[in-house]
Amino acid sequence: MRNGDNGGNGVANTEVLTRETRADGMRIIWDAAIPMDDGVILRADVFLPVEPGRYATILSCGPYAKGLAFQSGYKAAWDEMVSACAEVASGTTNRYQNWEVVDPEKWVPDGFVCVRVDSRGSGNSQGTLDLLSVRQARDLHDCIEWAASQTWSNAKVGLNGISYYAMMQWAAAALRPPHLAAICVWEGGIDFYRDVARHGGIYCQFLSSWFAHQIVPLQHGYGERGARSAVTGELVAGAITLDGTELAANRIDPGKATLETPLDGDLYRQHSPDPAQVIAPLLSSGNWGGMGLHLRGNFEGYLAAASPQKWLEVHGDTHYTPFYRNEGLTLQKRFFGHFLQARDTGWHNQPPVQLQIRHPGEHFTMRAEQEWPLARTQWTRFYLDPNGQHLVTEPVSGKPLSYETRGEGLFFSLPPASEPLEITGPIAARLVVSSDTTDADLFLALRLYAPDGEEVLFIGSNDPQVPVALGWLRASQRKLDPQRSLPYRPYHTHDETQRLTPGEKVVLDIEIWPTCIVVPPGYTLTLNVRGRDYDHGRGTGQAAHGAHRMTGVGPFRHNAAEDRPADIFDTTNTLHFDSGAEPFLLLPVIPPNTK
């Protein structure tokens with residue numbers, strides 16, 4: 001069957017065919033046409049059980065080209081995951097593995113239909129490429145309703161997937177599609193400004209690099225310049241090949257847009273859904289090592305969602321392994337089996353909060369909790385002592401301490417732990433700062449050191465060696481929203497610039513993203529106050545997909561000259577310790593379980 005159709009901006013994918021095959025125990029519909037309300041056609045691959053019937057649907061919609069195999073597009077990441085966790089590749093041919101979405105061979109046998117949609121402007125789908133936009137949210141809403149209306153559907157649709165696919169779940173769920181039965185938001189931000197584009201008001205270069213390396217080569221119309229499907233042999237980014245000018249006209253570069261828009265406002269609000277509108281059953285799953293994108297939004301979305309049935313799960317390890325390994329797969333299937341198939345999966349016994357408690361050496365212990373932050377948290381102020389650069393429980397005043405912003409900054413440490421010390425929850429710091437210029441960028445790193453003085457690092461979602469926690473703030477954007485700020489999670493409006501007067505002190509309340517660490521006896525927890533990105537100092541290593549080099553922050557770097565001109569930010573900052581205004585670090589200390 002041939003489907004000819006015309007889409008936005010004159011882009012046509014007249015060579016796309018909808019066809020059906022049977023392979024590997026599945027019935028597969030390739031490039032099913034899903035019409036949008038403006039006439040644009042999106043394309044989907046549908047993986048179904050062979051036996052006729054009405055089945056629950058797991059749907060994803062994103063820009064990574066449904067025809068591009070995980071092993072082809074992200075070979076290093078795939079090899080790393082399978083080497084570390086062989087179970088991922090077992091029980092499947094792996095022919096249909098795709099980046100950040102489910103493997104249909106592991107879902108279809110359990111009575112699920114898996115639908116993968118190329119989002120607007122990507123892969124085989126027409127239209128303008130405008131990522132995380134209101135238009136894409138509406139598209140996903142309509143894809144959900146399309147799937148629910150098919151003869152193979154039981155009219156219950158669930159959304160699942162990592163990162164981009166997770167972020168779009170927040171957006172689509174906020175539109176309340178009638179047939180959306182549940183969402184599994186795996187490592188997905190929700191606030192485009194604070195979670196993704198401008199940490200603490202400082203421009204993050206991730207979007208620009210990600211867009212150029214991972215999105216543009218999969219744009220619809222990339223055609224012959226792009227990859228081919230290892231299964232069908234067809235081009236994954238459209239059967240037509242447009243020239244560079246045409247492609248550029250059909251896309252919006254989010255890195256450029258956010259660089260040119262330093263303050264929060266319409267641009268960011270249009271790309272940030274309102275979690276209070278989310279009412280579908282929700283499983284929000286974050287990564288302790290996901291500073292920069294894959295952590296904060298899972299907590300904020302979970303807390304703010306209006307869903308009467310919602311759960312939080314937090315893990316460690318890489319960006320993809322926890323999703324694909326048996327433990328994560330079982331969790332997802334229990335969730336969706338309950339809400340999409342009405343099966344007794346034991347989900348009614350699932351605790352509201354499930355945490356993988358982190359210890360050095362990539363050791364985790366699972367613990368059930370009832371709320372977030374934990375009700376038994378002992379919120380403890382540790383004051384910065386300028387005399388010995390310690391962290392102490394009583395305020396200490398003293399002379400100012402200065403640091404060069406291009407250097408390693410200042411370090412303030414707790415004494416070595418005499419017994420295990422658990423820190424689990426959101427963190428905040430209050431500093432009193434002056435700059436030699438009219439602004440200052442504060443980079444905070446919570447770091448752990450072994451008894452031999454070596455820093456203890458952890459596998460992060462996008463970097464194999466990350467510290468315990470990170471936080472950021474541009475001093476000129478220190479204005480707080482009193483309605484949304486909490487003692488342990490300051491919330492900045494980022495809606496105006498308040499320049500510093502050189503040498504004049506200002507009070508900064510700084511959000512440090514939530515974390516979890518059990519500090520063993522003899523280990524030391526340290527706050528590092530810096531003027532540039534954290535760097536573990538162990539040299540650099542190439543990223544899994546070649547787009548950046550890793551020094552402890554992965555691709556989430558903040559050194560764009562356009563945003564951080566040297567004459568303003570390459571300078572000297574000073575911390576002040578005046579009596580009555582002593583700076584402190586607020587830590588969520590969890591008392592030992594006495595049960």
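Use the structure listed above.
Described below are features of the structure shown in this document. (Residues numbered from 1 in each chain as written. Predicted model: local features only at pLDDT ≥ 70, side-chain atom pairs only at ≥ 80, totals over all residues. Heavy atoms only, no water.)

### Details of the pattern of salt bridges
Point 1. Overall, the coordinates contain 42 salt bridges when judged by the stated rule.
Point 2. Here D570 and R406 are joined by a salt bridge, their closest N and O atoms 3.0 Å apart. Of this pair, D570 sits in the loop between helix 13 (566–569) and strand 26 (572–577) while R406 sits in the loop between strand 16 (398–404) and strand 17 (410–413); the two residues are 164 residues apart in sequence, bridging distant segments of the chain.
Point 3. Note on D570: relative accessible area 34%, which makes it partly exposed.
Point 4. Sharing partners across several salt bridges, the network here consists of R19, D31, D45, K66 and E234. (Salt bridge = Lys/Arg side-chain N within 4 Å of Asp/Glu carboxyl O. Helix = DSSP H or I, 4+ residues; strand = E, 2+ residues; numbered from the N terminus. Buried < 20%, exposed > 50% of the residue type's maximum accessible area, 1.4 Å probe, protein only.)

### Topic: the sheet that holds strand 5 (residues 112–118)
Point 1. With respect to topology, 11 strands assemble into an open sheet ordered 1-2-3-5-4-6-7-10-11-12-13, the strand pairing being mixed. With partners counted over all chains shown, the strands left at the sheet margins are strand 1 (19–23) and strand 13 (363–369), one partner each. Neighbour-to-neighbour, the strand axes of the sheet open up by a mean angle of 20 degrees, direction not taken into account.
Point 2. Strand direction decides the pairing type here: strand 10 (residues 282–287) and strand 11 (residues 310–315), joined by 6 bridges, are parallel. What sits directly across from S285, in strand 11, is E313.
Point 3. Of the strands in this sheet, strand 2 (26–35), strand 3 (41–49), strand 4 (55–62), strand 5, strand 6 (153–162) and strand 7 (180–186) touch helix 3 (residues 134–148), which is tilted by about 140 degrees from strand 6.
Point 4. Across the sheet, helix 12 (residues 326–341) lies against strand 4, strand 5, strand 6, strand 7, strand 10, strand 11, strand 12 (353–359) and strand 13, angled at about 165 degrees from strand 7, the strand it touches most. (Pairing = 2+ DSSP bridges. Axes fitted to C-alpha atoms, helices over the stretch in contact; angles between N-to-C directions. Contact = heavy atoms within 4.5 Å.)

### A look at the side chain of N98
Point 1. Summarising the element assignment, N98 is placed in the loop between helix 2 (75–84) and strand 5.
Point 2. Residue class for N98 comes out buried when judged on its relative accessible area of 1%.
Point 3. In contact with N98, not counting residues within four places along its chain, are A65, K66, L68, A69, F70, R116 and Y324.

### Side note on helix 6 (residues 206–215)
Point 1. Burial within helix 6 is extensive, with 7 of its 10 residues counted as buried.
Point 2. Close packing links the buried residues of helix 6 with helix 4 (164–174), helix 5 (192–197) and helix 8 (254–259).

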